[in-house]
Amino acid sequence: NDILDLSRIESGRFELADGLLDLGDLIDSALRLIQPRLEIAGLSLTRRLAAEPLHIRADARALKRILLNLLSNAAKFTMPGGAVTLSSALLATGEVKIAVADSGIGIEPAAMEKILQPFGQADSSLTRSFEGAGLGLPLVKSMIEMHGGRLVLDSTPGAGTRVAIILPARRMVPPPSPARRPFSG
C-alpha cells in the first residue's frame with residue numbers, strides 16, 4: 001500500500017478527500033489501533049492534546065495513516081521500557097502541530113536527509129536490525145505536504161526522535177460561535 005500510495009502521489013494521481021475532523025477524535029482512533037503494539041513492545045504512552053478542541057479540514061484517511069506511520073516508527077525504534085509521547089497544539093501562528101516523540105535509538109545526523117527519501121534507511125547494511133522498506137517517513141512527508149503542511153524532524157542518536165507535522169492555519173476551522181439564547185423574561 002505504501003508503494004502504491006507513494007507512486008500515486010508522485011504521479012499526481014493521489015487526491016485528498018478533505019472533510020471536517022475533530023483532531024482529538026482522530027488521534028484517539030489512531031491510538032486505539034497502535035496501543036496493543038506499544039504494550040507488547042513494553043513502551044509507555046503519554047497523550048498531550050491541546051487544551052481546546054481542534055477542528056481541521058483534512059483528509060481523515062491520510063492523516064490517520066500519517067499518525068500510524070509515526071507511532072509505528074516510534075514503537076519500532078524504541079527499546080522496551082522506553083516512552084512515546086503524542087501531542088497536539090494550536091500554535092500562535094494559527095498552525096496546528098501534531099508531534100510524536102520517542103526515547104528510542106535516534107537518527108545519526110548524516111542519515112537525516114536519507115530517511116526522508118523513498119527506500120532510504122539509516123542502516124542499509126545486510127545485517128540491519130529493523131525491518132521495513134523505508135517508505136514510512138517519505139509517505140508522511142508527501143501526504144503532509146499535499147495538505148500544505150510540513151514535516152519537522154529532530155533527533156539525537158541514543159536519546160530519541162521527535163517528528164512534528166505542521167498543518168497550515170488555513171486548515172484550522174474556528175469553533176462555532178455560541179448559539180444565542182432567546183430572551184426569556
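Residues numbered from 1 in each chain as written. Predicted model: local features only at pLDDT ≥ 70, side-chain atom pairs only at ≥ 80, totals over all residues. Heavy atoms only, no water.

## Quick look at the packing of helix H2 (residues 23-40) against helix H3 (residues 60-76)
What counts here: The axes used here are C-alpha line fits, helices contributing only the stretch in contact, and every angle between their N-to-C directions lies in the interval 0 to 180 degrees. Helix and strand assignments come from DSSP, with helices taken as H or I runs of at least 4 residues and strands as E runs of at least 2, each series counted from the N terminus. The handedness criterion is simple: a crossing whose near helix is rotated anticlockwise from the far helix by less than a right angle is left-handed, and one whose near helix is rotated clockwise is right-handed. Pairs of residues are marked as contacts when any of their non-hydrogen atoms sit within 4.5 Å. Here the nonpolar group is Ala, Val, Leu, Ile, Met, Phe, Trp, Tyr, Cys and Pro; Asp, Glu, Lys and Arg are the charged ones; every other residue, Gly included, is treated as polar.
Where H2 contacts H3, the axes come no closer than 10 Å and their chain directions differ by 35 degrees. When the axes of H2 and H3 are compared, the crossing they make is right-handed. Where H2 abuts H3, its residues Leu-23, Leu-26, Ile-27, Ser-29, Ala-30, Leu-31, Leu-33, Ile-34, Arg-37 and Leu-38 lie against Ala-60, Leu-63, Lys-64, Leu-67, Leu-68, Leu-71, Ser-72, Ala-75 and Lys-76. When its residues are assigned to classes, the contact of H2 with H3 shows 14 nonpolar, 2 polar and 3 charged.

## What about the nonpolar core?
The test is simple: Here, the term nonpolar core denotes a set of buried Ala, Val, Leu, Ile, Met, Phe, Trp, Tyr and Cys residues that are joined through side-chain atoms within 4.5 Å. Buried, partly exposed and exposed residues are distinguished by accessible area as a fraction of the type maximum, computed with a 1.4 Å probe on protein chains only: under 20%, between the cut-offs, and over 50%, respectively.
In terms of nonpolar packing, the biggest core is built from 41 residues, with Leu-23, Ile-56 and Leu-63 touching the most fellow members. Among the elements of the structure, H2, strand E3 (55-59), H3, strand E4 (83-90), strand E5 (96-102), helix H4 (136-146), strand E6 (150-156) and strand E7 (160-167) are those that each provide at least two residues to this core. Apart from residues no more than four positions distant in its own chain, Leu-63 is found in contact with Leu-21, Leu-23, Leu-26, Ile-56, Ala-58, Ile-165 and Leu-167.

## Thoughts on the sheet that holds E5
Put simply, the rule is: The rule for pairing is simple: two strands pair if DSSP sees at least two bridges between them.
Taking strand neighbours across the sheet as the criterion, the 5 strands line up as E2-E4-E5-E7-E6 in an open arrangement whose pairing is mixed. Among the strands making up the open sheet, the edge pair consists of strand E2 (44-48) and E6. Ignoring which end each strand starts from, the neighbouring axes of this sheet average 10 degrees apart. Both E6 and E7 contribute to a ladder of 7 bridges, which runs antiparallel. Among the inter-strand pairings, Asp-154 is bridged to a residue of E7, identified as Arg-162.

## Side note on the environment of Lys-114
Structurally, Lys-114 can be placed in the loop between E5 and H4. By relative accessible area, Lys-114 is classed as partly exposed at 38%. A C-alpha to C-alpha distance of 9.7 Å links Lys-114 and Pro-138, two positions 24 residues apart in sequence.

## Some points on the sheet that holds strand E8 (residues 172-173)
Across a sheet, paired strands are connected by hydrogen bonds in the backbone, their directions being either parallel or antiparallel. Taken together, 3 strands build an open sheet; the order of strands is E1-E3-E8 and the sheet is antiparallel. Pairing within the sheet leaves two strands with one partner each, and these edge strands are strand E1 (18-22) and E8. In the sheet, E1 pairs with E3 via 5 bridges, with the strands oriented antiparallel. Paired with Asp-22 across the bridge in E3 is His-55. Of the strands in this sheet, E1 and E3 touch H2, which is tilted by about 85 degrees from E1.

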